[in-house]
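Letter by letter, the chains look like this.
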Amino acid sequence: MDIKDAAAEYRPEITPQTREGSVPPGYKRTEVGVIPEDWAVVQLEENFDIASSKRVLQSQWQTTGVPFYRTREIADLSEIGAVDNELFISKELYKNYAATYGVPQVGDILVTGIGTIGLAYVVQDTEPFYFKDASVIWLKNRGSFDAEFLGQLFRTRIIKDQIANSSTGTTVATYTISGAKKTAVPAPSLAEQHTIAEALSDADALIAALQR
């Protein structure tokens, strides 16, 4: 079995159903595909406060201090879970922004909005960092949605297709705050979200082991 076959077997892609046809018993057809009857479909703004950061001027960038992430750093965190950061802001500026505007918390999600758009990073720990306004979208978790479950959904066609469709006709592909607010996702119960997220995380670990 090669890696792609392993990925297909252990981490099946959730994709919208576009073909007409019968729906299996216990399922229903929705705008995000065929899903179990007891799942809802919600827009992200129903479960997250969606915004960006306070602007940090380029003149405020430093070579030491609190890490400052742009799109490329968020993309690295999303795809490989680590980043070789080269930009920072002062601790004083970070503390000021944290007190005045807030900073990302564990369970919040940051999504790339320009360049390679739609890559999601779930904040994992309390290590301080800040990020670039406009190019990164901040999903502030209210606690009613499992962050890891949503992070996995950003890797599927359910969200990728919505992002692609919202960017059609624009000169530069972007994922905006308004687009994020209207992004529709399947919503099983919170307990079921936890279970699915854990299963997919285990599958990711298995695939990583197979790749090694």
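The rules behind each value
Residues numbered from 1 in each chain as written. Predicted model: local features only at pLDDT ≥ 70, side-chain atom pairs only at ≥ 80, totals over all residues. Heavy atoms only, no water. Pairing = 2+ DSSP bridges. Helix = DSSP H or I, 4+ residues; strand = E, 2+ residues; numbered from the N terminus. Buried < 20%, exposed > 50% of the residue type's maximum accessible area, 1.4 Å probe, protein only. Contact = heavy atoms within 4.5 Å. Core = buried A, V, L, I, M, F, W, Y, C linked by side-chain atoms within 4.5 Å. Lys, Arg positive; Asp, Glu negative; His and termini not counted. Salt bridge = Lys/Arg side-chain N within 4 Å of Asp/Glu carboxyl O. Axes fitted to C-alpha atoms, helices over the stretch in contact; angles between N-to-C directions. Arc of directions from axis to C-beta.

K.L.:
Would you explain the sheet that holds strand 9 (residues 130-131) in this entry?
P.N.:
Within a sheet, each strand pairs with its neighbour through backbone hydrogen bonds, oriented either parallel or antiparallel. One open sheet holds the three strands; their spatial order is 6-5-9, and the pairing between them is mixed. Single-partner strands in this sheet number two, and they are strand 6 (88-89) and strand 9. Of the pairings in the sheet, the one linking strand 5 (residues 66-69) to strand 6 comprises two bridges and is antiparallel in character. The residue of strand 6 that forms the bridge with V66 is I89.

K.L.:
Sorry if this is basic, but what is going on with the environment of L93 here?
P.N.:
With respect to the element layout, L93 can be found in helix 3 (residues 91-100). Taking the relative accessible area as the measure of exposure, L93 reaches 12% and is therefore buried. Taking the C-alpha atoms as reference points, L93 and G65, 28 residues apart in sequence, are found 9.8 Å from one another. Excluding residues within four positions of it along the chain, L93 makes contact with V56 and Q60.

K.L.:
What am I meant to see in the nonpolar core here?
P.N.:
Buried together is how nonpolar side chains tend to be arranged in soluble globular proteins. Membership of the largest hydrophobic core comes to 30 residues, with the highest contact counts inside it found for L44, I109, L139, L150 and F154. The greatest single-element share of this core, amounting to four residues, is contributed by helix 4 (residues 147-153). Beyond its immediate stretch of four places on either side in the chain, F154 contacts L44, V111, G118, A120, L139, I159, K160, I163 and Y175.

K.L.:
Looking at this model, I keep getting lost on the side chain of D108. Mind explaining?
P.N.:
Inspection of the secondary structure puts D108 in the loop between helix 3 and strand 7 (109-112). Look at D108: it is buried, it has no salt bridge, and the nearest opposite charge is K140 at 7.3 Å. With near-sequence residues (within four places) excluded, D108 lies in contact with V103, Y121, V122, V123, W138, L139, K140 and N141.

K.L.:
Can you help me understand the sheet that holds strand 4 (residues 48-51) in this one?
P.N.:
Reading across the sheet, the four strands line up as 4-10-7-8 and stay open at both edges, with antiparallel pairing between neighbours. The outermost strands of the open sheet, each flanked by one partner alone, are strand 4 and strand 8 (120-122). Across the sheet, the mean angle from the axis of one strand to that of its neighbour is 20°, orientation sign disregarded. The pairing of strand 4 with strand 10 (residues 136-141) spans four bridges and is classified as antiparallel. From the neighbouring strand, I50 faces strand 10, where its bridge partner is L139.

K.L.:
I keep staring at helix 5 (residues 157-167) and nothing clicks. Help me out?
P.N.:
What sets the pattern is the α-helix's 3.6 residues per turn: residues three or four places apart point alike. If you check which residues of helix 5 are buried, you get I158, I159, I163 and S167. Looking down the long axis of helix 5, one finds its buried residues gathered within 155° of arc, a one-sided arrangement. The inward-facing, buried residues of helix 5 contact helix 4 and strand 11 (184-187).

K.L.:
Explain the side chain of S135 here, please?
P.N.:
Within the secondary structure layout, S135 lies in the loop between strand 9 and strand 10. With residues near it in sequence (within four places) discarded, S135 still touches T71, V111, T112, G113 and I114.

K.L.:
Which parts of the structure should I look at to understand the pattern of salt bridges?
P.N.:
Between side chains of opposite charge, a pair can form as their charged atoms come close. This model, assessed by the stated rule, comprises six salt bridges. Here R55 and D133 are joined by a salt bridge, their closest N and O atoms 3.3 Å apart. Here the residue R55 occupies a position in the loop between strand 4 and strand 5, and D133 occupies one in the loop between strand 9 and strand 10, the gap between them amounting to 78 residues. According to the relative accessible area criterion, R55 is exposed, its value standing at 54%. Linking E73 and R70 is a salt bridge whose minimum nitrogen-to-oxygen distance equals 2.9 Å. Salt bridges here are not isolated pairs; linked through shared partners, they connect R70, E73 and E86.

K.L.:
Where do I start with unusual backbone geometry in this structure?
P.N.:
Trans peptide bonds make up most of the peptide bonds, and negative phi angles are found at most residues other than glycine. A positive phi angle, close to 70°, is found at A134, a residue other than glycine. You can call A134 exposed: its relative accessible area is 57%.

K.L.:
Explain the pairing of strand 5 to me, please; I cannot follow it from the model alone.
P.N.:
In the case of a regular strand, side chains alternate between the two sheet surfaces. Side chains of strand 5 alternate between two faces, with V66 and F68 and P67 and Y69 buried alike. Sheet topology places strand 5 next to strand 9; two bridges connect them, and they run parallel. Each bridged residue has a counterpart across the sheet, and for F68 the counterpart in strand 9 is Y130.

Take it as geometry only, folks, not as evidence of what the structure does.
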